[in-house]
Amino acid sequence: MSDPSKLDLSSIQKIVTKADTFLMGTQAKVGSVDTSHRGGMNGFLKFVAEDTIRIPDYSGNNMFLSLGNIIENPNTGLLFIGFETGSILQLSGKAYVKLDEDDFEHGIERFWYFKIEKNIFTQNALLLNWSAPHYSPFNPKL
C-alpha cells in the first residue's frame, strides 16, 4: 500500500463525478453511528460549488438513520473505492439535508449536500480484482 496523500479539488471532482457508489459514515449527537451505501448511475453526484457535492436521496428502507444523524450532527465521512485501480478516497466534512428539494420524476425524494473539509487519497490500498458492475434495474435514469 502506498502512502496516503492529499488531492486538489479538481482531482477529487473527477473521482466523485465518475463514481456510481460510495459509503457514508454519520454519527448522532449522542452515540449511535451509521455506515451505509449510496449508489446510482455514473454521474448521479454533482458539484454545486468547488467543494460541495449535491447528493440525491433515492427511495430506500425509510429508516433515515444516516439523514437523521446528519440533521443532529453534520460531521460526515464519505469513502470512494476505485474498484479498477485499488485506490481509496476518504472525504470528511459537513453535510446538510434539504427536505424541501426533490425530483420525483427521477425517483429522488430529497437531496443532501456534503462540503469537503479534508481528504486522504491512498493508491493501491486494495489488492483485489473486481468485476464490472451490474446496475440495479431500479436505478433512476439520469
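Residues numbered from 1 in each chain as written. Predicted model: local features only at pLDDT ≥ 70, side-chain atom pairs only at ≥ 80, totals over all residues. Heavy atoms only, no water.

Chemist: Give me the lowdown on the nonpolar core, citing residues and values where you can.
Modeler: Formed by 25 residues in total, the largest nonpolar core has its most connected members in L78, L91 and W112. When contributions to this core are tallied by element, the ones reaching two or more residues are α1 (9–18), β1 (21–27), β4 (52–58), α2 (65–72), β5 (75–82), β6 (87–98) and β7 (108–122). The leading source of residues in this core is β7, at 7 residues. Beyond its immediate sequence surroundings of up to four residues, L91 is in contact with I12, V16, I53, T76, G77, L78, F80, F114, I116, K118 and N119. (Core = buried A, V, L, I, M, F, W, Y, C linked by side-chain atoms within 4.5 Å. Buried < 20%, exposed > 50% of the residue type's maximum accessible area, 1.4 Å probe, protein only. Helix = DSSP H or I, 4+ residues; strand = E, 2+ residues; numbered from the N terminus. Contact = heavy atoms within 4.5 Å.)

Chemist: Tell me what's going on with the environment of T21, and back it up with residues and numbers.
Modeler: Of note, T21 is situated in strand β1. Accessibility expressed as a relative area gives 19% for T21, which makes it buried. Separated by 114 residues in sequence, T21 and Y135 have C-alpha atoms that sit 10 Å apart. What T21 contacts, discounting residues up to four positions off in sequence, is H37, R38, G39, F44, F80 and F83. There is a polar contact of 2.6 Å between the side chain of T21 and the side chain of H37. (Polar contact = N/O pair within 3.5 Å; in protein donor to acceptor, adjacent residues only side chain to side chain.)

Chemist: Mind laying out the sheet that holds β6, listing which residues take part and the relevant values?
Modeler: Across a sheet, strands are paired by hydrogen bonds formed along the backbone, either parallel or antiparallel in direction. Strands sit in the order β2-β1-β5-β6-β7-β4-β3 across an open sheet of 7 strands; the sheet is antiparallel. The open sheet has two edge strands with one neighbour each: β2 (33–39) and β3 (46–49). Sheet twist, expressed as the average angle between the axes of neighbouring strands with direction ignored, equals 35°. In the sheet, β1 pairs with β2 via 7 bridges, with the strands oriented antiparallel. (Pairing = 2+ DSSP bridges. Axes fitted to C-alpha atoms, helices over the stretch in contact; angles between N-to-C directions.)

Chemist: Kindly report on the side chain of N73, identifying the contributing residues and their values.
Modeler: One can find N73 in the loop between α2 and β5. Exposure remark for N73: the relative accessible area of 14% places this residue in the buried category. A distance of 3.0 Å separates polar atoms of two side chains, one belonging to N73 and the other to N75. Discounting residues that sit within four places of it in the chain, N73 has contacts with Q27, A28 and K29.

Chemist: Describe the packing of aromatic side chains, with residues and values.
Modeler: All chains considered together, the criterion is met by 5 aromatic pairs. A ring pair is formed by F22 and W112, whose centres lie 6.4 Å apart and whose planes are at 50°; its orientation type is tilted. With F22 in strand β1 and W112 in strand β7, the pair connects residues that are 90 residues apart, well separated along the chain. Under the relative-accessibility criterion, F22 is labelled buried at 2%. (Phe/Tyr/Trp six-rings, centres within 6.5 Å; stacked < 30°, edge-to-face > 60°.)

Just geometry here; none of it tells us what the structure is for.
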